2 protein chains.
Amino acid sequence: MSMKKLLLLAVVVILSNYAYAQQALWGGQEIVSPEINPDNTVTFRYVAPKAIRVQVTGDFLPSEKVQTPMGEFDGPGFADLVEGENGLWEFTTPFSLTPELYSYSFIVDGLKTHDPNNVYQIRDVASVTNIFIMNDGRDGLYGVKDVPHGSVTRRWYDSPGLQCQRRITIYTPPGYENSNQSYPVFYLLHGSGGDEEAWIALGRASQILDNLIAQGKAKPMIVVMPNGHTQNPAAPGESSHGFFKPRMGGGPREAVASMEDTFGDILKFVESNYRVKKNKANRAVAGLSMGGMHSSRISAQYPNTFDYIGIFSAPPVVTTMRSGNQDPNAEKEFMKKLETQKKNGYKLYWIACGNTDFLYNGVIESMKKMDEINFPYVYRESSGGHTWDNWRIYLTEFAPMLFK
Amino acid sequence: MSMKKLLLLAVVVILSNYAYAQQALWGGQEIVSPEINPDNTVTFRYVAPKAIRVQVTGDFLPSEKVQTPMGEFDGPGFADLVEGENGLWEFTTPFSLTPELYSYSFIVDGLKTHDPNNVYQIRDVASVTNIFIMNDGRDGLYGVKDVPHGSVTRRWYDSPGLQCQRRITIYTPPGYENSNQSYPVFYLLHGSGGDEEAWIALGRASQILDNLIAQGKAKPMIVVMPNGHTQNPAAPGESSHGFFKPRMGGGPREAVASMEDTFGDILKFVESNYRVKKNKANRAVAGLSMGGMHSSRISAQYPNTFDYIGIFSAPPVVTTMRSGNQDPNAEKEFMKKLETQKKNGYKLYWIACGNTDFLYNGVIESMKKMDEINFPYVYRESSGGHTWDNWRIYLTEFAPMLFK
């Protein structure tokens, strides 16, 4: 074969054959799924000539009650795809979808499977699901827009308190690298199912911040996303513990100290490695679920450190979880810390919860206790439950209130 | 319900019920797959009580010939899982696996599906497959070890040549942030199927560099991983083009200029934003497949800029691809550039290819042309083909030769 012919073949092969072969071998298909239609309905497609039943399940469908040994649970709904020609199954939502990030899976003859035509997925604890975003999400804030972008860095900090190097995710706002300016810092904490990747992957934090900053709605700020599981140096797969199976709240070793007791390591790392404003008016801490409890405890334990505290979907007054027992003095001690925090003052203590959240009653009970000592807070009640769509919304609402 | 009981319930729910419900709803299962056995065989498991046939396909199995309209193709092999009790299918490799990163999928009654017990996946073009790493991979270099870690940053640079902001991945070595030292720079380019995420996700570049540097085998260096598709501002899903379906070499818009013509934008960005040694002895460029061709063209077009050039699995003398036609003068002009490059000198021109690579003959032909002008190079022939296992190996061999 001549050189020219060979190279031409190479070009063709690189551009098409390999892709073709990969599809043939790895099961990719030349169909579009999901397809977002002009009327904001969405069509799902799946090729399965031999299947008997193909369903889609996801949070874009009305939730359904599921019975578990622990009680009734609101879960994502289900819908049947209908088989057409050549084994192509299809389902179009009978309603328009509002702007949001949605996740879904197919169920083929009872087995969960991914959509082979959609490479976009996120992991939540040990579940990986496909995702799509309608119209750039809530208020158009979840999509990547043509605006200046911040940088997202995964790096490692030294935690003497936890006796190891730990992985941390840092968002620096657009322009950080090319200025001499100092910035405020927002510590943003994940829940029991998450890690230092959660707010970036599930929370769309970098897109939300980029877009809010571009619109002038949020101040340029550094966002610090540490790993809140003190028994883990890093997210699953990102440490020397290897590719272990993620589980709620779990990790490969015992924790030697709590998040609040070792938060000083993170504070010190950030304030000595970044150009930050080192005062209370320029520090915020917020988190979801377990991260909300961390935020209440951290802000109470460092009582003159944060002017902005956000508690998403978690009761701020929680004392039983920390030690694992029900020490009757624990709550009394924690309330004393809140008294000190109140005396020292702060600008915003923001509590947000969905009205169907399984922690809703705990949040209400917590606020009653805070009322007893006239502890000022702002309460934001949303619809919905203990889910990422609420946490993204809370972030879009909380970030604009910071450092003003 | 008392507050205490409620909180205790909340704890239990957070730690177990939600996970349980998620499993029930989303299909997670409490089995281990893949399981790496003490004798370095691997067991795959999949629960499918109603399935008729469950197979596993992956690059850990002996490759099989596949017929396609474009000719015969070496593809990953297949093996059958055997059904045991309660619909649990199982397959254990009849051989030990060598240290490597392997990818696989299940095929259930003819449909490709993911392993629901393994959250670790990588995307290659439009295919997403599960992965596992045997014994930290080749020479133990692919795993995350307890060694000092570099930082990996996704940020955006301005490309006047491409009239847009573009996303780029930068690895800075351990200690970069806490020193005043300047570092050498290694520009590491992906292939037609990749983007600025490819070398990090598929290439394990940050782990390989961390480990080589910790062992004293590679000099601390900055590794710059740009997006080589000039029609794309960023990887699929990471730009305002949204969640489009990735395809080989494709992008959502027309390219306004080539990689080599706009490489200066990247060079300028890196050298004005990082503490780098700005001379030829401290610059390297290498890439795989399309990125190898980019590396030959970039190093020829900036002929006194790089002392280290690496061409992985690509013919260095390729002139037809650039313009898309077979201009008879193109090759002559390129050979002239190589003459200049030779005259200016360099320390290492490293060409690596697998002996079953479909571009193998092109690589051999290219070297003959280079021999005609006595263009010095080092040739490394490996076994295997046009695959990521080879590209990871080439990186582990090339990086230690740099900046010495």
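Residues numbered from 1 in each chain as written. Chains lettered and ligands numbered in written order. Predicted model: local features only at pLDDT ≥ 70, side-chain atom pairs only at ≥ 80, totals over all residues. Heavy atoms only, no water.

S.K.: Go over the overall build of chain A with me, naming the residues and quoting the values.
M.R.: Helix and strand counts for chain A stand at nine helices and 20 strands. A total of 404 residues make up chain A; the buried ones form 61% of that total. Long-range contacts, defined here as pairs at least 24 residues apart, represent 72% of the contacts in chain A between residues at least 6 apart. For chain A, the computed accessible surface area is about 15300 Å², with 50% contributed by carbon and sulfur atoms. (Helix = DSSP H or I, 4+ residues; strand = E, 2+ residues; numbered from the N terminus. Buried < 20%, exposed > 50% of the residue type's maximum accessible area, 1.4 Å probe, protein only. Contact = heavy atoms within 4.5 Å. Areas by Shrake-Rupley, 256 points an atom, 1.4 Å probe, with all protein chains shown as cover.)

S.K.: Just give me the short version of the sheet that holds strand β2 (residues 42–47) of chain B, but keep the residues and values in it.
M.R.: Pairing within the open sheet is antiparallel, and its four strands lie in the order β1-β2-β8-β7 (chain B). Each end of this open sheet is capped by a strand with a single partner; those strands are β1 (35–36) and β7 (82–83) of chain B. (Pairing = 2+ DSSP bridges.)

S.K.: I'd like to hear about helix α8 (residues 360–372) of chain B, residue by residue, with values.
M.R.: The periodicity of an α-helix, 3.6 residues per turn, causes residues three or four places apart in sequence to face the same way. Residues and elements named next belong to chain B. Between the first and last C-alpha of α8 there are 19 Å, a value that for 13 residues agrees with the 18 Å anticipated at 1.5 Å per step. Of all the positions in α8, only Gly 362, Val 363, Ser 366, Met 367, Lys 369 and Met 370 are classed as buried. Seen along its axis, α8 keeps its buried residues to an arc of 155 degrees; they face one direction. Once α8 finishes, Asn 374 follows within two positions and takes phi at roughly 55 degrees, a positive value. (Expected span 1.5 Å × (residues − 1). Arc of directions from axis to C-beta.)

S.K.: Give me the environment of Tyr 308 of chain B: which residues, what numbers.
M.R.: Residue and element names in this part refer to chain B. Note on placement: Tyr 308 falls in strand β18 (residues 308–312). Given the relative accessible area of 3%, Tyr 308 is considered buried. In this structure the C-alpha to C-alpha distance between Tyr 308 and Tyr 349, which are 41 residues apart in sequence, comes to 6.1 Å. For Tyr 308, the contacting residues outside a window of four places in its chain are Ala 281, Arg 283, Ala 284, Val 285, Lys 347, Leu 348, Phe 398, Met 401, Leu 402, Phe 403 and Lys 404. A polar contact of 3.3 Å, which involves the side chain of Tyr 308, links it to the backbone nitrogen of Phe 403. Polar contacts involving the side chain of Tyr 308 include one to the main-chain amide nitrogen of Lys 404, which spans 3.4 Å. (Polar contact = N/O pair within 3.5 Å; in protein donor to acceptor, adjacent residues only side chain to side chain.)

S.K.: Explain helix α4 (residues 259–273) of chain B to me, and be specific about the residues and the numbers.
M.R.: For α4 of chain B, spanning 15 residues, the distance from its first C-alpha to its last is 20 Å, which sits close to the expected 21 Å at 1.5 Å a residue. Of the residues making up α4 of chain B, those classed as buried are Met 259, Glu 260, Thr 262, Phe 263, Asp 265, Ile 266, Leu 267, Phe 269, Val 270 and Glu 271 of chain B.

S.K.: Before we move on, can you summarise the sheet that holds strand β1 (residues 35–36) of chain A with the specific residues and values?
M.R.: All names here are of chain A. The strand order β1-β2-β8-β7 describes an open sheet built from four strands, whose pairing is antiparallel. Each end of this open sheet is capped by a strand with a single partner; those strands are β1 and β7 (82–83). In this sheet, strand β8 (residues 88–92) lies alongside β7 in antiparallel orientation, the contact comprising two bridges. Across the sheet, Val 82 pairs through a bridge with Glu 90, a residue of β8.

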